[in-house]
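So the chains spell out like this:
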Amino acid sequence: MIGKELDLAFEDMNNLKLSAVLHDIGKIGIEDNILKKKAPLTADEFLVMKEHPRLGYEILGHIESLSEVVDGMRFHHERPDGKGYPFGLKGDEIPVIAMIISVADTFDAMISNRPYRKGLPPMIAWQEILDNRGTQFSEKVVDAFDRAFKKTKMYRPEKMEKIKKAG
Ligand SMILES: [Fe+2]
């Protein structure tokens with residue numbers, strides 16, 4: 001939906017779809033006691049986990065015909081403010097496909113249940129994405145996400161105050 005809102009060309013849409021499916025493939029190189037841990041990661045474990053885009057590049061990087069797909073995967077944890085990982089790229093250095101996956105992946109992670117916490121209501125996750133526009137996420141991608149989100153049944157502005165009060 002974000003790709004459509006950004007009017008991506010047919011080929012870019014296909015690259016986005018494939019890259020979105022493959023974006024965490026590097027996690028197969030992360031040991032199970034970290035990957036499947038049913039509690040938040042320690043700082044050291046998180047350092048290991050942060051290697052997954054690099055490991056994904058080791059798996060797919062040699063396939064030249066997939067270079068756009070590979071870049072979407074490789075840079076999906078980068079941030080426009082340079083505080084992302086593993087490379088610390090900034091702003092326009094990060095391909096738009098990677099920035100789309102970043103927003104979609106973060107939204108999905110926030111609304112999903114984990115063994116150690118319940119997923120957030122979609123409206124709260126939506127607000128969180130908007131609050132990090134231009135720092136964690138690309139401005140134009142957040143704007144596209146916002147437009148797409150408002151076309152879904154998850155957009156319930158009347159619920160917002162209630163949710164906030166309930167904490
Ligand atoms: Fe990831």
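Please refer to the structure placed before this passage.
Residues numbered from 1 in each chain as written. Predicted model: local features only at pLDDT ≥ 70, side-chain atom pairs only at ≥ 80, totals over all residues. Heavy atoms only, no water.

Caption draft 1: Examining the coordination of the iron ion more closely. Bound to the iron ion on the protein side are Asp 24 (OD), His 52 (NE2), His 76 (NE2) and His 77 (NE2), at distances that span 2.1 to 2.2 Å. What the four donor atoms of the iron ion show is an angle range of 84 to 174° at the metal, which sorts the shape as irregular. The sequence pattern formed by the donor residues of the iron ion is D-x27-H-x23-H-H. On the criterion of sequence distance, the pair formed by Asp 24 in the loop between helix 2 (10–22) and helix 3 (32–35) and His 76 in the loop between helix 6 (67–74) and helix 7 (96–111) is long-range, its members being 52 residues apart. (Donors = N, O, S within 2.8 Å, 3.2 Å for Na, K, Ca; no water. Tetrahedral: all angles 85-135°; square planar, octahedral: opposite > 155°, others 65-115°. Helix = DSSP H or I, 4+ residues; strand = E, 2+ residues; numbered from the N terminus.)

Caption draft 2: A look at the packing of aromatic side chains. Under the criterion given, the structure shown has eight aromatic pairs. Between Trp 126 and Phe 149, the ring centres sit 5.7 Å apart and the planes meet at 10°, which makes this aromatic pair stacked. Here Phe 149 lies in helix 9 (residues 139–149) and Trp 126 lies in helix 8 (residues 122–131), a separation of 23 residues in the sequence. Taking the relative accessible area as the measure of exposure, Trp 126 reaches 8% and is therefore buried. Pairwise contacts between aromatic rings join Phe 107, Trp 126, Phe 145, Phe 149 and Tyr 155 into one cluster. Between Arg 74 and the ring centre of Tyr 57, over which it is positioned, the NZ or CZ distance is 3.8 Å. (Phe/Tyr/Trp six-rings, centres within 6.5 Å; stacked < 30°, edge-to-face > 60°. Buried < 20%, exposed > 50% of the residue type's maximum accessible area, 1.4 Å probe, protein only. Lys NZ or Arg CZ within 6 Å of the ring centre and 35° of its normal.)

Caption draft 3: Inspection of the pattern of salt bridges at higher detail. The final tally for this structure, using the stated rule, is ten salt bridges. Where Glu 5 meets Lys 151, a salt bridge forms, and the shortest distance between an N and an O atom there is 2.5 Å. Remark: Lys 151 occurs in the loop between helix 9 and helix 10 (160–166) and Glu 5 occurs in helix 1 (residues 2–5); sequence separation between them is 146 residues. Look at Glu 5 and you get buried, because its relative accessible area is 18%. When salt bridges that share partners are traced, they join Glu 5, Arg 147 and Lys 151 into one network. (Salt bridge = Lys/Arg side-chain N within 4 Å of Asp/Glu carboxyl O.)

Caption draft 4: Main features of the packing of helix 5 (residues 52–60) against helix 6. Contact geometry for helix 5 and helix 6: axes closest at 9 Å, N-to-C directions at 160°. On the basis of their axis angle, the class for helix 5 and helix 6 is roughly antiparallel. Every pair of crossing elements has a handedness; the one defined by helix 5 and helix 6 is right-handed. In this structure, helix 5 contributes Pro 53, Gly 56, Tyr 57 and Leu 60 to the contact, and helix 6 contributes Val 70, Met 73 and Arg 74. Looking at side-chain class alone, the contact of helix 5 with helix 6 contains five nonpolar, one polar and one charged residues. (Axes fitted to C-alpha atoms, helices over the stretch in contact; angles between N-to-C directions. Parallel < 35°, antiparallel > 145°, perpendicular 65-115°, else oblique. Left-handed = near helix turned anticlockwise from the far one by under 90°. Contact = heavy atoms within 4.5 Å. Nonpolar A, V, L, I, M, F, W, Y, C, P; charged D, E, K, R; others polar.)

Caption draft 5: A look at the side chain of Asn 15. Inspection of the secondary structure puts Asn 15 in helix 2. Not counting residues up to four positions away in its chain, the partners in contact with Asn 15 are Glu 68, Val 69 and Ile 97.

Caption draft 6: Representation of the environment of Lys 118 within the structure. Along the polypeptide, Lys 118 turns up in the loop between helix 7 and helix 8. Here Lys 118 is in contact with Ser 112 and Asn 113, once residues within four sequence places are set aside.

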